[in-house]
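In case you want the letters, here they are:
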Amino acid sequence: MHSIQSQNSNPNTNNQQSLVSISQLSPSDVTLLLRAANKFSEIKTTALLNDKTIAHLFFENSTRTKVSFDAAANRLGAKIISFSASQSSTKKGESLLDTAKTILAVGCDAFVIRHSNSGSAEFLSQNVAVPVINAGDGIHEHPTQALLDLMTIEQKCGSISGKTVMIIGDIVNSRVAHSNIKLLKMMGAKIILCAPNSLLPQTKTDSQILFTTNLNEHLPKADVVMTLRIQMERDSATLFPSLSEYVQFWGLKTEHLKLMKKNVVLCHPGPMNRDVEISSELVDHPSSIIFKQKHNGVWMRMAVLSFLCAKEKLISFLDNGVTS
Ligand code: NCD
């Protein structure tokens, strides 16, 4: 895994707000984004971004995230420039920044970027003068996933503040976990991280987080249980003895329902490996909000795109119902 160092060398450094990390948001920003996303889920389409062009730069595979950013931009009336690395000049050695500058020269008002290297989104945001939205960079962060997870959890069980969220799985290599931990802490949740020790963060000194390798002992405390995929493409399978032992000790199974709270909420960012990190039966169980998460991805990405590209219009739309 290579990390791109930030080179803040460009005089045109981005003064626009970007969303690279959850750390860039305040609790009131999050509240506004949740309000906007819930509003968009009711009205489905608006013309808030009908004067904008958004470039979607996908250097790494994606199903959910790409499709929902496409749908979100469409529903806001924006034009989309869709870029897939496999069909581009990056194959001929062109750098990320030159690729972005080429797209800027054609004309675009914001970038959505997914990249396998941690730091790519931050690097881009520091070197272009339009907002950059991180759609997942290496093992670093995936802020829109954490925001849509929060939206979906709160729809099911009310305010997250004071609730306990247990995240089970590949914490160390999961950008989803990293963004979720920051967001859940900011919004006042208690967190339990459960995995083999080698998949847990090395530093375990955080008053809001309980670190454990013991699934059964701590499951009864959780209001929300989030299971995560093992990041095979990031060599995570070398961090525990075998997949069958992982499933035996850390896979969430139907029999765990006996240990969990009656009204527990089960979530997963996808893609899922049924019967590995979570049993197939639990994926489709009434406690699961997994398919609702995918649905809410569109509304939360509409909220993030309009928050970054047309914040005043968004606020006026939410307060007065007018788009201009
Ligand atoms: C996640 C990702 O790409 O980080 N998927 C997603 O965007 N919903 C999670 C994963 O790949 O495990």
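A quick note: this is a predicted structure, and the numbers were derived from the prediction, not measured.

Cut-offs used in this document
- Residues numbered from 1 in each chain as written.
- Predicted model: local features only at pLDDT ≥ 70, side-chain atom pairs only at ≥ 80, totals over all residues.
- Heavy atoms only, no water.
- pLDDT = per-residue confidence, 0-100.
- Contact = heavy atoms within 4.5 Å.
- Buried < 20%, exposed > 50% of the residue type's maximum accessible area, 1.4 Å probe, protein only.
- Helix = DSSP H or I, 4+ residues; strand = E, 2+ residues; numbered from the N terminus.
- Pairing = 2+ DSSP bridges.
- Right-handed = clockwise from strand over helix to strand, strands pointing away.
- Core = buried A, V, L, I, M, F, W, Y, C linked by side-chain atoms within 4.5 Å.
- Axes fitted to C-alpha atoms, helices over the stretch in contact; angles between N-to-C directions.

### Description of the confidence of the model for the protein
In step 1: Mean pLDDT over the protein: 92, with 93% of residues reaching 70 or higher.
In step 2: Segment residues 1–14: pLDDT under 50, and 31 contacts once partners within four positions in sequence are set aside and those in other chains are kept.

### Side note on the pairing of strand β5 (residues 164–168)
In step 1: Within β5, five of the five residues are buried, leaving the element largely enclosed by the surrounding structure.
In step 2: Of the two faces of β5, both are covered, the one formed by Thr-164, Met-166 and Ile-168 as well as the one formed by Val-165 and Ile-167.
In step 3: The pairing of β5 with strand β6 (residues 190–194) spans five bridges and is parallel. Paired with Ile-168 across the two strands is Cys-194, which belongs to β6.
In step 4: Handedness of the β5-helix α6 (residues 175–186)-β6 crossover: right-handed.

### Considerations on the nonpolar core
In step 1: Ranked by size, the top nonpolar core spans 87 residues in total, and within it Phe-40, Leu-147, Val-225, Met-300 and Leu-305 carry the most contacts.
In step 2: With eleven residues, helix α10 (residues 290–309) is the single largest residue contributor to this core.
In step 3: Setting aside residues up to four positions removed in sequence, Leu-305 forms contacts with Leu-49, Ile-54, Phe-69, Ala-72, Ala-73, Leu-76, Val-112, Ile-133 and Ala-310.
In step 4: By size, the runner-up hydrophobic cluster in this structure holds 19 residues, among which are Val-20, Cys-108, Ala-121 and Leu-124.

### A short note on the side chain of Ser-287
In step 1: Structurally, Ser-287 can be placed in the loop between α9 (280–283) and α10.
In step 2: For Ser-287, a relative accessible area of 9% puts it in the buried group.
In step 3: If we ignore the near neighbours within four places in the chain, the residues touching Ser-287 are Val-264, Val-265 and Leu-266.

### So, the sheet that holds strand β3 (residues 110–115)
In step 1: On the basis of which strands lie adjacent, the open sheet formed by four strands has the order β2-β1-β3-β4 and parallel pairing. The two strands at the open ends of the sheet, each matched to only one other strand, are β2 (79–84) and β4 (132–137). Averaged over all adjacent pairs, the angle separating strand axes in this sheet is 10 degrees, with direction ignored.
In step 2: Strand direction decides the pairing type here: strand β1 (residues 53–58) and β3, joined by five bridges, are parallel. Across the sheet, the residue bridging to Ile-54 is Ala-110, located in β3.
In step 3: Across the sheet, helix α2 (residues 64–75) touches β1, β2, β3 and β4, and the angle it forms with β1 is around 175 degrees.

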